[in-house]
Amino acid sequence: MVEKYRCVGCAACASVCPTNALHMEKDNEGFYYALLNQEKCIDCNLCKKVCPALQVSKEDDREIEFYAMKNRNKCTQINSASGGVFPEIAKWILSQKGFVWGAAFDEMFNVKHRCISSEHELPLLCRSKYVQSDMRNVYKTIKKQLNSGAKVLFSGTPCQTTALAKFIGDRLCPNLYLVDIVCHGVPSPDVWKEYLKELCGQKYKTVEDIESIYFKYKVDDKTWMHPGFCIKWKDGTEYLNFSNNTWYEKGFLGNLYVRPSCHKCLFKCLQSVSDMTIGDFWGCKELYPEFFDKNGVSLAIVKTKKENI
């Protein structure tokens, strides 16, 4: 259907297939790809219609606005990857009895997209997770939520938001709020697992002993401009490393184990169909020194105007 190096691993094709002819399977690098059982295929072409690699949006002609943003609540700002924009959007959706989806760690610290429906769950979706998230059980549930009349906020990478929009279709999109991130690329989940296993072994612990993990960890003088990576274990001990100095982060930033499709990303330069793109406003200190904040400033690129948000 599409060359392997172009597949983004979104799982939209497997989710839309009416005969379950497609299923997601890992390759030797730890990335999921769709495999076809030709005997079950009925040539309906629904997989092609939802594939973001085959349905790349044309140049965006929407009126785009750029904002520097930071959360007034310092605690929320510190516990966010950048300036804390996403939590406020999420709170509005939740106040409307809607659902919010984002990348979260599971009990074994794999990264999967999950749904929340209350504010006390919101910290699960905040902060960065530098691992490709599992989207296999997302699409049909979101479609059911939208069909019930609920508002849904989805946060993910540009290719994931594009895949979801193609899967949902125009009829249900008015209640779907798509927020994507400025994305560097997605590392292999298997490399992530190997890193955790190795680090835990150095501390004479196991992954089961971990209590929490934080990327872009802000503490004391190590704030937004120089955040850290932190693992806290259940016995109260912790591991802290700043300035992207772990071998996992170095390899990620050096593109050693990001997904092949990320090397020729089809969705960079705002080519996704999201309503808003958020990321770090790294140039804020030079451009708007009066607005700069050591605890984080977000860049928000607004592409769609939606009610009261």
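The rules we used
- Residues numbered from 1 in each chain as written.
- Predicted model: local features only at pLDDT ≥ 70, side-chain atom pairs only at ≥ 80, totals over all residues.
- Heavy atoms only, no water.
- Pairing = 2+ DSSP bridges.
- Helix = DSSP H or I, 4+ residues; strand = E, 2+ residues; numbered from the N terminus.
- Axes fitted to C-alpha atoms, helices over the stretch in contact; angles between N-to-C directions.
- Contact = heavy atoms within 4.5 Å.
- Core = buried A, V, L, I, M, F, W, Y, C linked by side-chain atoms within 4.5 Å.
- Buried < 20%, exposed > 50% of the residue type's maximum accessible area, 1.4 Å probe, protein only.
- Phe/Tyr/Trp six-rings, centres within 6.5 Å; stacked < 30°, edge-to-face > 60°.

*Asks:* With reference to specific residues and values, describe the sheet that holds strand S8 (residues 210-217).
*Replies:* Reading across the sheet, the three strands line up as S8-S9-S10 and stay open at both edges, with antiparallel pairing between neighbours. Each edge of the open sheet carries a strand with a single partner, namely S8 and strand S10 (238-242). When the angles between neighbouring strand axes are averaged without regard to direction, this sheet yields 5°. Sheet topology places S8 next to strand S9 (residues 228-233); five bridges connect them, and they run antiparallel. The partner of Ile210 across the bridge, within S9, is Trp233. Strands S8, S9 and S10 of the sheet are contacted by helix H7 (residues 189-202), whose axis makes an angle of about 60° with S9.

*Asks:* Mind laying out the sheet that holds strand S12 (residues 298-302), listing which residues take part and the relevant values?
*Replies:* One open sheet holds the seven strands; their spatial order is S3-S12-S11-S7-S6-S4-S5, and the pairing between them is mixed. Edge positions in the sheet fall to strand S3 (65-69) and strand S5 (111-116), since each of these pairs with one other strand and no more. Each strand of the sheet is rotated relative to its neighbour by a mean of 25°, with strand direction disregarded. Relative to S12, S3 runs antiparallel, the two being bridged by five bridges. Counted as the bridge partner of Phe66 is Ile301 from S12. Along the sheet, helix H6 (residues 158-168) makes contact with S5, strand S6 (152-156) and strand S7 (176-181), crossing S7 at roughly 160°.

*Asks:* Would you mind going over the nonpolar core in detail, with residue names and values included?
*Replies:* Of all hydrophobic cores here, the largest spans 31 residues; its most connected members are Tyr139, Ile142, Leu146, Phe154, Leu164, Ile168 and Leu176. Residue assignment for this core shows that the elements contributing at least two residues are helix H1 (12-16), strand S1 (22-26), helix H2 (46-50), helix H5 (139-147), S6, H6 and S7. If you tally residues by element for this core, the top one is H6, at six residues. With near-sequence residues (within four places) excluded, Leu164 lies in contact with Tyr139, Ile142, Phe154, Leu176 and Leu178. Of all hydrophobic cores here, the second largest spans 22 residues; its members include Leu196, Val207, Ile213 and Phe252.

*Asks:* I'd love a proper account of the packing of aromatic side chains, names of residues and values included.
*Replies:* Taken as a whole, this structure holds 23 aromatic pairs when the rule is applied. On the basis of an interplanar angle of 40° and a centroid distance of 5.4 Å, the ring pair of Trp192 and Phe215 is categorised as tilted. Pair noted here: Trp192 is in helix H7 and Phe215 is in strand S8, with a separation of 23 residues, a long-range link. When sorted by exposure, Trp192 lands in the same class as Phe215, which is buried. Aromatic pair Tyr195 and Phe229: ring centres 5.9 Å apart, planes at 55°, arrangement tilted.

So yeah, pure geometry; function would need other evidence.
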